[in-house]
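Close look at the chain arrangement
This is what each chain is made of:
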Amino acid sequence: MHGAGGARGRVEGLPDWDRCAVMGVVNVTPDSFSDGGRWFDTAAAVKRGLELVAQGADLVDVGGESTRPGASRVDADEELRRVVPVVRGLASEGVTVSVDTMRAAVAEQAVAAGAVLVNDVSGGLADPGMIPAVAAADVPFVVMHWRGFSADMNSLAVYDDVVAEVTAELRARMDAVIDGGIAPERLLVDPGLGFAKHAEHDLALVAHLAELHALGRPLLVAASRKRFLGRVLAAGPAAAPPPARERDAATAAVSAIAAHEGAWAVRVHEVRATADAVRVARAVEGAR
Ligand code: PMM
């Protein structure tokens, strides 16, 4: 029941898929670095979410604010307008929906509309109302490693030992979130690839995913189309990276690694190849 690196674990309040789960991404934003603009409309976003499920997504993560490095923040009303109808539309079709937001009000309304998981890239740091809101709603919560908003996260990418520091900072956030009233059984942890991290930091974290199992909670890994994959795929250190849309095969490679290392879920924009990758990892695990 586990990969090479340790237990996948269970999250109270979410289904158990007996393999690494696939979280498909629907960004309802005009500016997301990887798929922005294409789904910036409720009906199109719901259709996209259903397509991802048909391709093998186990859950769909709906977000209305770009966290691309350098991005400025969207206002709360606009985020609500983008996210809530899409959550409602997908939940009403029976989809397991998570909401990707740093705002308590968005989390609350998304849960009321049917979301069953709150994915806050700031781990509750961006909005002091978030932890009480999630505790009151009694839904699972993603604690992601985060050091600051997108506008200044590149300057925060300073580490002596990225794996040790991310683990320690995640542990501190978990403690704070549990002190704030969210049940430990409802927590997921996420190393936050690309958030206040350069390519070498992201690669080190992927290389040492199993060490994050020391945190004792299921692991979510979101490498999809990120800059570090662009760097890996570029022809040389000075060469331009391929555009985000050309990083899906590389994303699926990370999905296989993460599943093999016991990740609970991988979060991806294009589901098909990752759905295969997690099934291969499961079959290999079964053959041990
Ligand atoms: N990355 C992005 C958005 N949401 N959520 C979690 N839990 N972990 C991540 O690494 C993460 C996230 C940014 O990527 P996108 O703009 O491509 O969705």
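Above this note sits the structure.
An account of the accompanying structure is given in this report. (Residues numbered from 1 in each chain as written. Predicted model: local features only at pLDDT ≥ 70, side-chain atom pairs only at ≥ 80, totals over all residues. Heavy atoms only, no water.)

**Re the overall build of the protein**
- Each helix and strand in the protein was counted, giving nine helices and 10 strands.
- Rg of the C-alpha trace for the protein: 17 Å, near the compact-globule value of 19 Å for 288 residues, within the 12% margin.
- Summarising its shape, the C-alpha atoms of the protein cover approximately 40 × 40 × 40 Å along the three principal directions.
- Taken across its 288 residues, the protein has 56% of its residues classed as buried.
- Within the protein, contacts between residues separated by at least 24 positions form 69% of all contacts whose residues are at least 6 apart in sequence.
- Accessible surface, the protein: about 11,100 Å² in total, of which carbon and sulfur atoms supply 55%.
- The protein carries 29 positive and 38 negative side-chain charges, and their two centres are separated by 4 Å. (Helix = DSSP H or I, 4+ residues; strand = E, 2+ residues; numbered from the N terminus. Rg over C-alpha atoms; globule rule 2.2 N^0.38 Å. Buried < 20%, exposed > 50% of the residue type's maximum accessible area, 1.4 Å probe, protein only. Contact = heavy atoms within 4.5 Å. Areas by Shrake-Rupley, 256 points an atom, 1.4 Å probe, with all protein chains shown as cover. Lys, Arg positive; Asp, Glu negative; His and termini not counted. Charge placed at Lys NZ, Arg CZ, Asp CG, Glu CD.)

**Observations regarding the site of the ligand**
- Surveying the vicinity of the ligand reveals 17 residues, the closest of which are Asp-100, Asn-119, Asp-190, Lys-226 and His-269.
- In this structure, a nitrogen atom belonging to the ligand sits 2.7 Å away from a side-chain N or O atom of Asn-119.
- One nitrogen or oxygen atom from the side chain of Lys-226 is found 2.6 Å from an oxygen atom belonging to the ligand.
- Its residues assigned to classes, the shell around the ligand comprises seven nonpolar, six polar and four charged. (Near = heavy atom within 4 Å. Polar contact = N/O pair within 3.5 Å; in protein donor to acceptor, adjacent residues only side chain to side chain. Nonpolar A, V, L, I, M, F, W, Y, C, P; charged D, E, K, R; others polar.)

**Regarding helix H3 (residues 104-112)**
- Buried within H3 are the following residues: Ala-104, Val-106, Ala-107 and Ala-110. What you see down the axis of H3 is that its buried residues fit within an arc of 160°, all on one side.
- In this structure, the buried side of H3 is in contact with helix H2 (76-92), strand S5 (97-100), strand S6 (117-120) and helix H4 (130-137). (Arc of directions from axis to C-beta.)

**Focus on the pairing of strand S4 (residues 59-63)**
- Of all five residues in S4, five are buried, a share of seventy percent or more.
- In the sheet, S4 pairs with S5 via four bridges, with the strands oriented parallel. Bridging from a neighbouring strand, Val-62 pairs with Val-99 of S5.
- Taken together, S4, H2 and S5 constitute a β-α-β crossover, and its handedness is right-handed. (Pairing = 2+ DSSP bridges. Right-handed = clockwise from strand over helix to strand, strands pointing away.)

**Focus on the nonpolar core**
- Core analysis: the largest hydrophobic core is formed by 70 residues, its most contacted members being Val-62, Val-87, Leu-90, Val-118, Phe-141 and Val-221.
- Contacts of Phe-141, omitting those with residues within four sequence positions, involve Leu-117, Val-118, Asp-120, Gly-123, Gly-124, Met-130, Val-134, Val-177, Ile-182, Arg-186, Leu-187 and Leu-188.
- Counting 11 residues, the second largest nonpolar core, distinct from the first, contains Val-11, Leu-14, Ala-21 and Met-23. (Core = buried A, V, L, I, M, F, W, Y, C linked by side-chain atoms within 4.5 Å.)

**Some thoughts on the pattern of salt bridges**
- The full count for this structure, using the stated rule, is 19 salt bridges.
- Measuring nitrogen to oxygen at the nearest pair gives 2.9 Å for the salt bridge that ties Arg-48 to Glu-270. Linking Arg-48 in helix H1 (residues 42-54) with Glu-270 in the loop between strand S10 (265-268) and helix H9 (272-286), this pair joins segments that are 222 residues apart in sequence.
- What makes Arg-48 buried here is its relative accessible area of 5%.
- Taken together, the shared-partner salt bridges in this structure form one network comprising Lys-47, Arg-48, Glu-51, Arg-225, Asp-248 and Glu-270. (Salt bridge = Lys/Arg side-chain N within 4 Å of Asp/Glu carboxyl O.)

**Brief notes about the packing of H3 against H4**
- Following both chains from N to C, one finds H3 and H4 inclined at 15°, their axes separated by 8 Å at the closest point. One way to sum up the angle between H3 and H4 is to call them roughly parallel. As H3 packs across H4, the resulting crossing turns out to be right-handed. Here Ala-104, Ala-107, Glu-108 and Val-111 of H3 come into contact with H4, specifically with Met-130, Ala-133 and Ala-137.
- Taken together, the residues that form the contact of H3 with H4 break down as six nonpolar, no polar and one charged. (Axes fitted to C-alpha atoms, helices over the stretch in contact; angles between N-to-C directions. Parallel < 35°, antiparallel > 145°, perpendicular 65-115°, else oblique. Left-handed = near helix turned anticlockwise from the far one by under 90°.)

**Re the environment of Phe-149**
- Along the chain, Phe-149 turns up in the loop between strand S7 (141-144) and helix H5 (162-179).
- Sequence-wise, Phe-149 and Arg-68 are 81 residues apart; in three dimensions their C-alpha atoms are separated by 9.7 Å.
- Apart from the residues within four sequence positions on either side, Phe-149 is in contact with Arg-73, Met-102 and Ala-126.

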